Amino acid sequence: NAGVMQNPRHLVRRRGQEARLRCSPMKGHSHVYWYRQLPEEGLKFMVYLQKENIIDESGMPKERFSAEFPKEGPSILRIQQVVRGDSAAYFCASSPGDPGSYEQYFGPGTRLTVT
Amino acid sequence: GDSVTQMEGPVTLSEEAFLTINCTYTATGYPSLFWYVQYPGEGLQLLLKATKADDKGSNKGFEATYRKETTSFHLEKGSVQVSDSAVYFCALTVSGSARQLTFGSGTQLTVLP
């Protein structure tokens, strides 16, 4: 039973390039969350998606960042025109979405380095 | 807003020592509480949870009790092992919210043989 899959595990981008991070939730899970972990800090919520819908993007920077969870395929977190401050670990989590079930299961993360 | 405050690390203990990592919270609604563990280079793993006051979550010798009167969820283990070395995160989510987790800043634990 595969867990949450993320790829790539490590991504290096030069300033100004685009970064695309992928997340495949656990089988049977329809809710996806993205979190960012800056060095020496805890995780900060970015966005919560269900299939084809963004439910809450209150933690997303207003510019350059976008997320989607299409009907088919993985969830994508896209960062345009990356800057050094975007260097962080980006974690995806999924949950089944059952009422009263609040557990989230995390992927191994994508470590983005902007040079 | 919601927030979680964790005991600052790093914490260094000898094997078989008693562990306590303090966690307190503020929440706008009725929270569910969690402890997650992160091993080097890996994602977060759910360690234990509690969904209502006075619940005790437990797993792998770790325990934490949901104390509404003190808004706390302290993590304890009676006898730590070298393999417990990791970063521990306290987190909450609020019933009825968008279910996002709010995390503490994490506590690095190192257990020496």
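Higher on the page you've got the structure.
An account of the accompanying structure is given in this report.

## Some details on the state of the cysteines
Residue and element names in this part refer to chain A. For the coordinates displayed, the defined rule picks out two disulfides over all chains. Sulfur-sulfur distance for the disulfide between Cys23 and Cys92 comes to 1.7 Å. What sets the handedness of the Cys23 and Cys92 disulfide is the S-S torsion sign, and at about -50 degrees it is left-handed. Taken together, the residues Cys23 in strand 3 (residues 19-24) and Cys92 in strand 9 (residues 88-95) connect sequence positions 69 residues apart. You can call Cys23 buried: its relative accessible area is 0%.

## Comments concerning the sheet that holds strand 1 (residues 5-7) of chain A
Residues and elements named next belong to chain A. One open sheet holds the four strands; their spatial order is 1-3-8-7, and the pairing between them is antiparallel. With one partner strand each, in any of the chains shown, strand 1 and strand 7 (65-68) form the two edges of the open sheet. Across the sheet, the axes of successive neighbouring strands diverge by a mean angle of 15 degrees, strand direction being ignored. Pairing between strand 1 and strand 3: three bridges, direction antiparallel. Directly across from Asn7, in strand 3, lies its bridge partner Arg22.

## Thoughts on the side chain of Gln6(B)
Residue and element names in this part refer to chain B. One can find Gln6 in strand 1 (residues 3-6). Looking at Gln6, the relative accessible area reads 6%, which means it is buried. From its side chain, Gln6 meets the backbone nitrogen of Cys90 in a polar contact 3.0 Å long. Polar side-chain contacts of Gln6 include one of 3.1 Å to the backbone nitrogen of Gly106. Leaving out residues up to four positions away in the same chain, Gln6 has contacts with Ile21, Asn22, Trp35, Tyr88, Phe89, Cys90, Gly104, Ser105, Gly106 and Thr107.

## Considering the pattern of salt bridges
Between side chains of opposite charge, a pair can form as their charged atoms come close. Using the criterion set out here, one finds seven salt bridges over all chains in the structure. The partner of Glu18(A) in a salt bridge is Arg78(A), with the nearest N and O atoms 2.9 Å apart. With Glu18(A) in the loop between strand 2 (10-13) and strand 3 and Arg78(A) in strand 8 (residues 75-79), the pair connects residues that are 60 residues apart, well separated along the chain. Here Arg78(A) falls in the partly exposed class, since its relative accessible area comes to 28%. Between Lys56(B) and Glu63(B) there is a salt bridge, with its nearest N and O atoms 3.6 Å apart. Judged by its relative accessible area of 53%, Lys56(B) is exposed. Sharing partners across several salt bridges, the network here consists of Glu18(A), Arg20(A) and Arg78(A).

## A few points about the sheet that holds strand 3 (residues 19-21) of chain B
Strand pairing in a sheet relies on backbone hydrogen bonds. The paired strands run either parallel or antiparallel. Residue and element names in this part refer to chain B. Strand order in the open sheet made by the four strands is 3-9-8-7, with antiparallel pairing throughout. In the strand order of this sheet, the two ends are held by strand 3 and strand 7 (56-59), each with one partner. Neighbour-to-neighbour, the strand axes of this sheet turn through a mean angle of 15 degrees, independent of strand direction. Here strand 3 runs beside strand 9 (residues 75-77); their pairing, made up of three bridges, is antiparallel. Residue pairing across strands places Ile21 opposite Leu75, the latter belonging to strand 9.

## Some words on the interface of chain A and chain B
Of the residues lining the interface, 23 residues belong to chain A; the matching set on chain B comes to 21 residues. The contact between chain A and chain B buries some 1,800 Å² in all, and 53% of this surface belongs to carbon and sulfur atoms. There are one salt bridge connecting chain A and chain B. A salt bridge links Glu103(A) to Lys49(B), with the nearest nitrogen and oxygen atoms 2.2 Å apart. Across the chain A-chain B interface, the total number found is six residue pairs in polar contact (both at pLDDT 80 or more). Those elements that place two or more of their residues in the side of chain A that touches chain B are strand 4 (31-37) and strand 5 (43-50) of chain A. The class makeup of the residues in the side of chain A that touches chain B is ten nonpolar, seven polar and six charged.

Rules and cut-offs
- Residues numbered from 1 in each chain as written.
- Chains lettered and ligands numbered in written order.
- Predicted model: local features only at pLDDT ≥ 70, side-chain atom pairs only at ≥ 80, totals over all residues.
- Heavy atoms only, no water.
- Disulfide = S-S within 2.5 Å.
- Helix = DSSP H or I, 4+ residues; strand = E, 2+ residues; numbered from the N terminus.
- Buried < 20%, exposed > 50% of the residue type's maximum accessible area, 1.4 Å probe, protein only.
- Pairing = 2+ DSSP bridges.
- Axes fitted to C-alpha atoms, helices over the stretch in contact; angles between N-to-C directions.
- Polar contact = N/O pair within 3.5 Å; in protein donor to acceptor, adjacent residues only side chain to side chain.
- Contact = heavy atoms within 4.5 Å.
- Salt bridge = Lys/Arg side-chain N within 4 Å of Asp/Glu carboxyl O.
- Buried area = accessible area lost by both parts, 1.4 Å probe.
- Nonpolar A, V, L, I, M, F, W, Y, C, P; charged D, E, K, R; others polar.

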